[in-house]
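The residues making up each chain are set out below.
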Amino acid sequence: MSRKIMAALVTATSMLCVGGAALAQTAWPERTVNVIIGASPGGDTDFNARTMARFFEEITGTSMIITNMPGGGATIATTAVRDADPDGYTMLFGHTGHLVVTEVSGLANYGIDDFEICCIPAIDQGAVLVASKRSGLETPADVKARTDEEPGSVTFGTEFGGYSHLQGLIFQQGAGADMTIVDTGSAAEKIAALLGGRIDVAGIAYGAIQDYAQAGQMVVLGQPNAERNPLLPDIPTFKEQGVDFVMNNPYIIAFPKGTDAAIVEKMGDVMQQITENPEYAEALEQGFKQPVAFLPQAEAVELLTQMRDTYMPYRDALQAR
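Residues numbered from 1 in each chain as written. Predicted model: local features only at pLDDT ≥ 70, side-chain atom pairs only at ≥ 80, totals over all residues. Heavy atoms only, no water.

(A) The arrangement of the overall build of the protein chain in detail. Across its full length, the protein chain carries 12 helices and 11 strands. Relative to a compact globule of 321 residues, whose C-alpha radius of gyration would be 20 Å, the protein chain shows 19 Å and is just as compact. Across the 321 residues of the protein chain, 55% fall into the buried class. In the protein chain, 78% of the contacts between residues at least 6 apart in sequence involve partners at least 24 apart. Accessible area for the protein chain stands at about 12,800 Å²; split by element, carbon and sulfur atoms hold 48% of it. Looking at the protein chain, you have 20 positive and 39 negative side-chain charges, and the mean spots of the two groups are 4 Å apart. (Helix = DSSP H or I, 4+ residues; strand = E, 2+ residues; numbered from the N terminus. Rg over C-alpha atoms; globule rule 2.2 N^0.38 Å. Buried < 20%, exposed > 50% of the residue type's maximum accessible area, 1.4 Å probe, protein only. Contact = heavy atoms within 4.5 Å. Areas by Shrake-Rupley, 256 points an atom, 1.4 Å probe, with all protein chains shown as cover. Lys, Arg positive; Asp, Glu negative; His and termini not counted. Charge placed at Lys NZ, Arg CZ, Asp CG, Glu CD.)

Below you can see the structure in the form of structure tokens.
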């Protein structure tokens, strides 16, 4: 990951931008807002969207409804938002795997330029790589040693063309490990495959596997952050273990192209107010061990564009099935 991207992520994590911005002048929202996400209920994206919606209603007095549209690497959801009326009442809550990686991998023939990007409302720093207990793997060095002895003998479960696929490619490059990458499916399916010993390693949010890790059914190999997430102080980064693997995942709020700029701006203002609420920070910490972060529209677009450029060299590998 480039230094520019890292600097933006660190800045967003360590501070919230100017507070108390006046809300943009528009009557929006006057009715329920439909928030479409490309993930199943119960995961980190669903959690973040529902937490946002709860605080959105407190500020605006208007409700949000969360519509889960998993499948197709989130392209079902992103297509639905792209094709919706740009009236401000259909919104995407996704992450870079849904709008950036799918464009790079060719799963989608559109990307961030085809939406009105509102802001980055949060940055996932709770992702980890985790190994099945049955695999006997406990460190990244174990993965390298196993694959040095027998290339392809470690199976990495992912969703082809998606964010976790890119995680696997960047990790094995950094570790010098030659893994077999297989299409397992969503986070819930990866967990089932890990518990059943059908795959050896996967990238998943710590909040989704912490009970299994604490019970000794899974082993956390490391966190792909530049510095340890302060909410995961006992898990070493991959850099600490000699592996060049740093990869954070910003969440994205976006509207259909053509949505009134005043609506997009007001949603950004509301989201910024939400991130300044200590109760919101507490909810993120308890849910998925995630620190608060926020980037307004211009900085969000700049960061996402940089990330797309950084990921583009992996295009051919992501498209290889």
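(B) Quick peek at the environment of Met 271. Assignment of secondary structure puts Met 271 in helix α9 (residues 261-275). A relative accessible area of 0% means that Met 271 is categorised as buried. With residues up to four places along the chain from it excluded, the contact list for Met 271 reads Met 52, Cys 119, Pro 121, Ile 253, Tyr 280 and Phe 294.

(C) Representation of unusual backbone geometry in the model. Residue Pro 29 follows Trp 28 across a cis peptide bond; omega there is 0°. A positive phi angle, near 80°, is found at Ala 74, a position not held by glycine. The residue Ala 74 is located in the loop between β2 (64-68) and α3 (75-82) in this model. With a relative accessible area of 2%, Ala 74 lands in the buried category. Positive phi, normally seen in glycine, also occurs at Lys 289, with a value near 50°. As for its placement among the helices and strands, Lys 289 is situated in the loop between α10 (278-288) and α11 (297-311). When its relative accessible area of 24% is taken as the criterion, Lys 289 is described as partly exposed.

(D) Highlighting the pattern of salt bridges. For the coordinates displayed, the defined rule picks out seven salt bridges. Put simply, Glu 103, Asp 113 and Arg 308 are held in one network by salt bridges that share partners. (Salt bridge = Lys/Arg side-chain N within 4 Å of Asp/Glu carboxyl O.)

(E) Geometry of the packing of aromatic side chains. Throughout the structure, instances matching the rule amount to nine aromatic pairs. When the ring of Trp 28 is compared with that of Phe 56, the centres are 5.9 Å apart and the planes differ by 65°; the resulting orientation is edge-to-face. A residue pair is termed long-range when its members are at least 10 positions apart, and Trp 28 in the loop between α1 (3-14) and β1 (33-37) and Phe 56 in helix α2 (residues 44-60) qualify at 28 residues. Here the two residues Trp 28 and Phe 56 agree in accessibility, since each one is buried. Put simply, the rings of Trp 28, Phe 56 and Phe 255 touch in pairs and so form one group of aromatic residues. (Phe/Tyr/Trp six-rings, centres within 6.5 Å; stacked < 30°, edge-to-face > 60°.)

(F) Representation of the sheet that holds strand β7 (residues 155-158) within the structure. Sheet architecture is open: five strands sit in the order β8-β7-β9-β6-β10, paired in mixed fashion. Looking along the sheet, the strands with just one partner apiece sit at the ends: β8 (180-183) and β10 (218-222). The sheet shows a mean angle of 35° between the axes of neighbouring strands, taken without regard to direction. With two bridges joining them, β7 and strand β9 (residues 201-205) adopt parallel strand pairing. Bridge assignment links Gly 157 to a residue of β9, and that residue is Ala 202. (Pairing = 2+ DSSP bridges. Axes fitted to C-alpha atoms, helices over the stretch in contact; angles between N-to-C directions.)

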